[in-house]
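# Tertiary structure, described
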Amino acid sequence: MNPVRRVALALVFLTTLLFAQGPTRFHPGFNLFSKDQDMQLGKESAEQVRKQMVIVKDPFLNQYVNEVGKRLVSSQEAQASGFPFTFEVVADSSINAFALPGGPMFIHTGLLKAVDNEAQLAGVMGHEMSHVILRHGTNQASKAQLIQLPAALASQMGGENGSMLGKLTQLGVGLGANSVLLKFSRTAESQADLTGSHLMAEGGYDPKEMARFFQKLSEQAGAGGNGLQFLSDHPNPNNRQHAIEQEAQRLPHKTYGYQTGDFQHMKQVVAGIKEPPPPKPKEQAPQQ
Ligand code: ZN
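Residues numbered from 1 in each chain as written. Predicted model: local features only at pLDDT ≥ 70, side-chain atom pairs only at ≥ 80, totals over all residues. Heavy atoms only, no water.

## Section: the nonpolar core
Core analysis: the largest hydrophobic core is formed by 46 residues, its most contacted members being L61, I107, L111, L112, L121 and F213. When residues in this core are grouped by element, the largest group, eight residues, is from helix α6 (residues 118-133). L41, V49, L153 and L171 belong to the second largest nonpolar core, which has 20 residues in total. (Core = buried A, V, L, I, M, F, W, Y, C linked by side-chain atoms within 4.5 Å. Buried < 20%, exposed > 50% of the residue type's maximum accessible area, 1.4 Å probe, protein only. Helix = DSSP H or I, 4+ residues; strand = E, 2+ residues; numbered from the N terminus.)

Okay, structure coming up:
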């Protein structure tokens, strides 16, 4: 066999192998919380967020993020999780979004302003949903070796009333900056990237757009731009984009091109929303 043919055959073999492996599946790790407790904690934390941040009530914007969210929720992994995802918009100029245990997600207007297309928004939303599906927040709290955590959780299960968030806050698991519930390890971030790419693909969005958006943010951050917030909340190993692109190769061949058709209108509406001034630099969490 001539060398060119041999290389060609090897490539075909490797590609087949890659597809045969299929998507990379992750499972939630060690967790002292029940899934109901994830949801309870998320519900209470969301109430807290609604008091502390400016929720955007614009009906069109809410309908828009919910429509994109619905596409992602229809995916196999989101359905299997059984979590009730909700999507709200907050007036905050930083490029970010976050999801609380059990499903409540908050999308910053800064993110809506920064994305170049709907698939990029779906990418960040899919990433955040994946933290919920993989139960990263309560997994990290469970691993924090808090002596009193099992007792606090057990008393909740006994039907004792009282705020779960309140109890956890006493143990140091609150919602503040660098909260263990929202500050994820690099491993968790990588898992959320790959799982998020599955959610996107099943919803009809090209997963490579997530990689493109992260690329854009790191370029902006390099130029001293606004992308830094997302990246500091989401540690960015150098091979992040590459890993997402590789995962996209493992997914079943599909034509991507779903769009709500409302992206341009969303851009116009969100451009008219004024965000409160960002906190002074010294109040911000240290950047990494
Ligand atoms: Zn993340």
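## Observations regarding the coordination of the zinc ion
Bound to the zinc ion are the protein donor atoms H127 (NE2), H131 (NE2) and E189 (OE), situated 2.1 Å from the metal. Considered as a linear motif, the donors of the zinc ion on their single chain read H-x3-H-x57-E. With H131 in helix α6 and E189 in helix α10 (residues 186-203), this residue pair connects regions lying 58 residues apart in the sequence. Neither H131 nor E189 differs from the other in exposure class; each is buried. (Donors = N, O, S within 2.8 Å, 3.2 Å for Na, K, Ca; no water.)

## As for unusual backbone geometry
A positive phi is found at R135, a non-glycine position, where the angle reads about 55°. Counting through the fold element by element, R135 comes out in the loop between α6 and α7 (136-143).

## Looking at the packing of helix α3 (residues 59-73) against helix α14 (residues 263-271)
Relative to each other, α3 and α14 sit at 135°, their axes nearing to 10 Å. The pairing of α3 with α14 is recorded here as oblique in orientation. Crossing geometry of α3 relative to α14 is assigned as left-handed. Of the residues in α14, those touching α3 at F60, L61 and Y64 are F263, H265, M266, V269 and V270. (Axes fitted to C-alpha atoms, helices over the stretch in contact; angles between N-to-C directions. Parallel < 35°, antiparallel > 145°, perpendicular 65-115°, else oblique. Left-handed = near helix turned anticlockwise from the far one by under 90°. Contact = heavy atoms within 4.5 Å.)

## Details of α3
Relative to the 21 Å expected for 15 residues at 1.5 Å per residue, α3 spans 20 Å between its end C-alpha atoms, a close match to the ideal helical length. What α3 keeps buried is the set F60, L61, N62, Y64, V65, V68, G69 and L72. The opening residue of α3 is D58, an N-cap whose side-chain oxygen sits 3.0 Å from the backbone nitrogen of F60. (Expected span 1.5 Å × (residues − 1). Polar contact = N/O pair within 3.5 Å; in protein donor to acceptor, adjacent residues only side chain to side chain.)

## What to know about the side chain of E77
Relative to the helices and strands, E77 is located in helix α4 (residues 76-81). A polar atom in the side chain of E77 sits 2.9 Å from the side chain of H198. When sequence neighbours within four positions are dropped, the list of residues in contact with E77 reads R25, I133, T195, H198 and L199.

## Topic: the packing of α10 against helix α11 (residues 208-222)
The N-to-C vectors of α10 and α11 enclose an angle of 130°; their axes lie 9 Å apart at closest approach. If you check the angle between α10 and α11, you find them oblique. Mapping the contact onto sequence places D193, G196, S197 and M200 in α10 and E209, M210 and F214 in α11. Among the residues making up the contact of α10 with α11, the classes are represented as three nonpolar, two polar and two charged. (Nonpolar A, V, L, I, M, F, W, Y, C, P; charged D, E, K, R; others polar.)

## Observations regarding the packing of aromatic side chains
All chains considered together, the criterion is met by three aromatic pairs. Ring centres of F98 and F106 lie 5.3 Å apart, and the angle between their planes is 25°; this geometry places the pair in the stacked category. Judged by relative accessible area, F106 falls into the buried class, the value being 0%. Considering the side-chain rings of Y205 and Y258, the 5.6 Å spacing of their centres and the 80° angle between planes classify their relative orientation as edge-to-face. In this pair, Y205 is assigned in the loop between α10 and α11 and Y258 in the loop between α13 (240-250) and α14, connecting sequence segments 53 residues apart. A relative accessible area of 1% places Y205 in the buried class. A residue is classified by how much of its surface remains accessible, and Y258, at 24% relative accessible area, is partly exposed. When the ring centre of F83 is taken as reference, the NZ or CZ atom of K35 above it lies at 5.1 Å. Stacked on the ring of Y258, the Lys or Arg R71 has its end atom at 3.4 Å from the ring centre. (Phe/Tyr/Trp six-rings, centres within 6.5 Å; stacked < 30°, edge-to-face > 60°. Lys NZ or Arg CZ within 6 Å of the ring centre and 35° of its normal.)

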